[in-house]
Amino acid sequence: MGTGAGAMGQCGITSSKTVLVFLNLIFWAAAGILCYVGAYVFITYDDYDHFFEDVYTLIPAVVIIAVGTLLFIIGLIGCCATIRESRCGLATFVIILLLVFITEVVVVVLGYIYRAKVEDEVDHSIKKVYDAYSGTNPDAATRAIDYVQRQLHCCGIHNYSDWENTTWFKETKNNSVPLSCCKAISTNCTGSLTHPIDLYSEGCKALVVKKLQEIMMYVIWAALAFAAIQLLGMLCACVVLCRRNRDPAYELLITGGTYA
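Conventions adopted
Residues numbered from 1 in each chain as written. Predicted model: local features only at pLDDT ≥ 70, side-chain atom pairs only at ≥ 80, totals over all residues. Heavy atoms only, no water. Helix = DSSP H or I, 4+ residues; strand = E, 2+ residues; numbered from the N terminus. Buried < 20%, exposed > 50% of the residue type's maximum accessible area, 1.4 Å probe, protein only. Contact = heavy atoms within 4.5 Å. Areas by Shrake-Rupley, 256 points an atom, 1.4 Å probe, with all protein chains shown as cover. Expected span 1.5 Å × (residues − 1). Core = buried A, V, L, I, M, F, W, Y, C linked by side-chain atoms within 4.5 Å. Bend = angle between axes of the 7 residues up to and from the residue. Disulfide = S-S within 2.5 Å. Phe/Tyr/Trp six-rings, centres within 6.5 Å; stacked < 30°, edge-to-face > 60°. UniProt positions renumbered as here; feature names shortened; annotations may be inferred.

In terms of regular secondary structure, the protein chain is built from 6 helices and 2 strands. The secondary structure elements of the protein chain, listed N-terminal to C-terminal, are α-α-α-α-α-α-β-β. Per-residue burial for the protein chain yields a buried fraction of 43% across its 260 residues. Taking the contacts inside the protein chain whose residues are at least 6 apart along the sequence as the reference set, 72% of them involve residues at least 24 apart. Surface accessibility of the protein chain: about 13,400 Å² in total, with carbon and sulfur atoms responsible for 66%.

Next up, the structure:
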């Protein structure tokens with residue numbers, strides 16, 4: 001009976017070690033993915049920063065990149081500690097994983113907080129950006145609006161008629177909107193309001209809010225997914241560590257060239 005229980009325990013611990021080694025390989029892949037997500041948020045934010053002035057929105061992205069870098073180091077420590085079954089290494093591995101896990105929970109909370117603020121921020125800034133439109137390419141507000149209207153296939157704040165209230169529209173006096181309002185399929189579009197069928201009918205405000213909220217959701221889902229993987233990693237490391245403390249005589253994962 002004791003032999004059977006011992007065999008089952010050894011089988012369980014070997015399985016935990018195998019899963020832990022596999023998870024450490026996943027951590028390396030996760031490190032790359034998290035850094036990519038963080039960089040994507042930075043790049044996209046740069047395109048929409050005129051509509052969302054709160055720079056603290058980038059905090060979750062900064063933390064995600066830092067966590068991604070740390071995960072690469074964690075994977076290395078975890079693999080070495082698991083194969084060598086270093087008690088100190090495994091304990092360090094668990095503590096670092098716990099700290100990163102807590103950090104990712106904070107990222108999720110911050111992500112939801114800033115996601116909720118997006119609509120108010122865009123509401124506050126979008127009219128100022130449209131009022132600053134000059135129609136000249138070097139101008140930052142002009143580039144931002146033209147980029148958003150082309151990328152999101154929108155025109156104006158709520159629709160193309162919003163352009164009639166802008167300084168640029170009143171100064172040009174040609175009863176037209178920027179060419180970035182023209183549909184891609186309208187080859188002869190001049191932006192004239194006398195041919196509204198050539199213009200995007202949807203306003204940009206709702207689409208900008210949707211885009212920024214989607215970006216924040218990428219951060220939230222990435223943090224949640226890898227927090228779950230880290231939780232499994234901590235559990236497996238704890239199983240190996242507890243077994244090691246109770247029975248120091250059990251076989252190592254690799255002993256004399258043979259797998260336990």
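The terminal C-alpha atoms of helix α4 (residues 140-152) lie 18 Å apart, and with 13 residues this matches the ideal 18 Å at 1.5 Å per residue to within 8%. Within α4, burial applies to Ala 141, Thr 142, Ala 144, Ile 145, Asp 146, Val 148, Gln 149 and Leu 152. His 153 sits one or two residues past α4 and shows a positive phi near 55°.

Quick look at the nonpolar core now. Judged by nonpolar contacts, the single largest core of 60 residues is most densely connected at Phe 51 and Trp 163. When residues of this core are assigned to their parent elements, the largest contribution, 14 residues, is made by helix α6 (residues 204-246). Ignoring sequence-local partners within four residues, the contact set of Phe 51 consists of Glu 121, Val 122, Ser 125, Ile 126, Val 129, Tyr 130, Ala 144, Ile 145, Val 148 and Val 208.

The next thing to look at is unusual backbone geometry. Although it is not a glycine, His 153 adopts a positive phi angle of roughly 55°. Tracing the sequence through the fold places His 153 in the loop between α4 and α5 (167-172). On the basis of relative accessibility, which here comes to 44%, the residue His 153 falls in the partly exposed class. Of note in the backbone geometry, Lys 173 takes a positive phi value of approximately 50° without being a glycine. Here Lys 173 lies in the loop between α5 and α6. Judged by its relative accessible area of 72%, Lys 173 is exposed.

A word on helix α3 (residues 87-131). The first and last C-alpha atoms of α3 sit 64 Å apart over 45 residues, in line with the 66 Å expected at 1.5 Å per residue. The largest bend along α3 reaches roughly 35° and is located at Val 118.

Further remarks concern the state of the cysteines. Throughout the structure, instances matching the rule amount to 3 disulfides. Each sulfur in the disulfide pair Cys 155 and Cys 181 lies 2.1 Å from the other. Since a negative S-S torsion denotes a left-handed disulfide, the Cys 155-Cys 181 link at about 85° is right-handed. Taken together, the residues span a long stretch of sequence, with Cys 155 in the loop between α4 and α5 and Cys 181 in the loop between α5 and α6 at a distance of 26 residues. Exposure remark for Cys 155: the relative accessible area of 0% places this residue in the buried category. The buried category is assigned to Cys 181, whose relative accessible area is 0%. With cysteine numbering restricted to those in disulfides and following the sequence, the protein chain has the pairing 1-6, 2-3, 4-5.

Below, the discussion takes up the packing of aromatic side chains. The full count for this structure, using the stated rule, is 7 aromatic pairs. Geometrically, the ring pair formed by Tyr 40 and Tyr 218 is tilted, given 5.8 Å between the ring centres and 55° between the ring planes. Of this pair, Tyr 40 sits in helix α1 (residues 2-48) while Tyr 218 sits in helix α6; the two residues are 178 residues apart in sequence, bridging distant segments of the chain. Here Tyr 40 falls in the partly exposed class, since its relative accessible area comes to 26%. By relative accessible area, which is 40% here, Tyr 218 ends up partly exposed.

According to UniProt, the positions carrying the feature "transmembrane region" (unreviewed entry) are residues 21-43, 55-78, 90-114 and 215-242. As annotated, residues 21-43 comprises 100% helix and 0% strand, and the C-alpha atoms at either end are separated by 34 Å. In the segment residues 90-114, helix accounts for 100% and strand for 0%; the C-alpha atoms at its two ends are 36 Å apart.

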